[in-house]
Amino acid sequence: MNKNDSKIRITGNGLKLIAIVTMLVDHFAYGIYYNMAVQNGWYITIFGIELYRFMRLVGRIAFPIYCFLLVEGYFKTRDKRKYAFRLLALAIISEYPFDKALNYHSSFWDYNNVIFTLFVGLLVIWAIDEIRWGRVSFISDYRLRNIAPVIPFALGCGLTWLTHTDYKAVGIATIVVMYYLHGEEKIYRLVAFAAGVVILILGCSTREATAFVALIPIYFYNGKRGSDSLLLRHFFNSFYPVHLAVIAIAKYLLF
């Protein structure tokens, strides 16, 4: 974030930082605070309950920002295959610490981390894009090109449902809506993000409405990635599995 001509500008890195902080608050609440509150009797107090609820509400800001950045990345990356491979690798690496930190189900595969949802979402909008712009040779008729995107969308929703990824089909719908409404002008970004949040509210719960707060940094987003330093890239790429591993270790030591 910086000031330029008396106007605030937020880069893609700034949005990532907001997503990381709000996600960390959410995961700390779910993985650590809840257990501490129950163990120490805080959760039966009004303060204990409300603090937990507040932290979980803060966490609702993270996912739609990640969806927004995924769509931005799709349109701006020079190598979509490499982008998809990095997401898949990150999802696989993150699954074990995710299960240990946040997954309370009996089987690891009952509930899988949100990076898998983002990966499938990327494949879905990639397929839709190829169809819409006539790059799929066997779908040449323009009328068919308007209908055929339903197929990758349905497949993506089905895949996330079968594999029990976080947000499932609602996450895919959020990404697809942001893709269709994507534009370089500020108004398109705001509308795309707001529409994605509406999908989350309709598909999940009214708690997701907290994410409307992120319209403020989206308003100041300048459409640029920001610093491309190797250190910063490693930080953003490793934060998800590393913070989950820290929470998992803390749970093991504390509880």
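Residues numbered from 1 in each chain as written. Predicted model: local features only at pLDDT ≥ 70, side-chain atom pairs only at ≥ 80, totals over all residues. Heavy atoms only, no water.

Caption draft 1: How the structure looks around the overall build of the chain. A tally of helices and strands in the chain yields eleven helices and two strands. Put simply, the chain runs from its N terminus to its C terminus through helices and strands in the order β-β-α-α-α-α-α-α-α-α-α-α-α. Taking 2.2 N^0.38 as the reference for a compact globule, 255 residues should give roughly 18 Å; the C-alpha atoms of the chain span a radius of gyration of 19 Å, in line with that estimate. Taking the principal axes of its C-alpha atoms as reference, the chain extends roughly 65 × 50 × 35 Å. Of all 255 residues assigned to the chain, the portion counted as buried reaches 45%. Counting only contacts in the chain whose residues sit at least 6 apart along the sequence, the fraction spanning at least 24 positions is 72%. Counting only carbon and sulfur atoms, one obtains 67% of the accessible surface of the chain, whose full area is about 13,900 Å². Between the centroid of the 26 positive side chains of the chain and the centroid of its 16 negative side chains there is a distance of 4 Å. (Helix = DSSP H or I, 4+ residues; strand = E, 2+ residues; numbered from the N terminus. Rg over C-alpha atoms; globule rule 2.2 N^0.38 Å. Buried < 20%, exposed > 50% of the residue type's maximum accessible area, 1.4 Å probe, protein only. Contact = heavy atoms within 4.5 Å. Areas by Shrake-Rupley, 256 points an atom, 1.4 Å probe, with all protein chains shown as cover. Lys, Arg positive; Asp, Glu negative; His and termini not counted. Charge placed at Lys NZ, Arg CZ, Asp CG, Glu CD.)

Caption draft 2: Structural detail: the environment of Thr 174. Note on placement: Thr 174 falls in helix H8 (residues 168–180). The sequence separation of Thr 174 and Phe 68 amounts to 106 residues, and the corresponding C-alpha distance is 9.0 Å. Excluding residues that lie within four positions of it along the chain, Thr 174 makes contacts with Cys 67, Gly 196, Ile 199 and Leu 200.

Caption draft 3: Region of the structure containing a nonpolar patch on the surface. Among the surface-exposed residues, Tyr 180, Leu 181, Ile 187, Tyr 188 and Val 191 lie close enough to one another that they form a single nonpolar patch of about 450 Å² accessible area. Here the element with the most residues in the nonpolar patch is helix H9 (residues 186–203); it accounts for three residues. Its place among the elements puts Tyr 188 in helix H9. (Patch = residues over 30% accessible without salt bridge, like charges linked within 9 Å, V, L, I, M, F, W, Y side chains within 5 Å. Salt bridge = Lys/Arg side-chain N within 4 Å of Asp/Glu carboxyl O.)

Caption draft 4: Seen up close, the nonpolar core. In terms of nonpolar packing, the biggest core is built from 57 residues, with Leu 15, Ile 65, Phe 68, Ile 115 and Phe 193 touching the most fellow members. Going through the elements one at a time, helix H1 (12–40), helix H3 (62–76), helix H4 (80–102), helix H5 (114–132), H8, H9 and helix H11 (230–254) are the ones with two or more residues in this core. Of all hydrophobic cores here, the second largest spans five residues; its members include Ala 29, Tyr 33, Ala 37 and Met 55. (Core = buried A, V, L, I, M, F, W, Y, C linked by side-chain atoms within 4.5 Å.)

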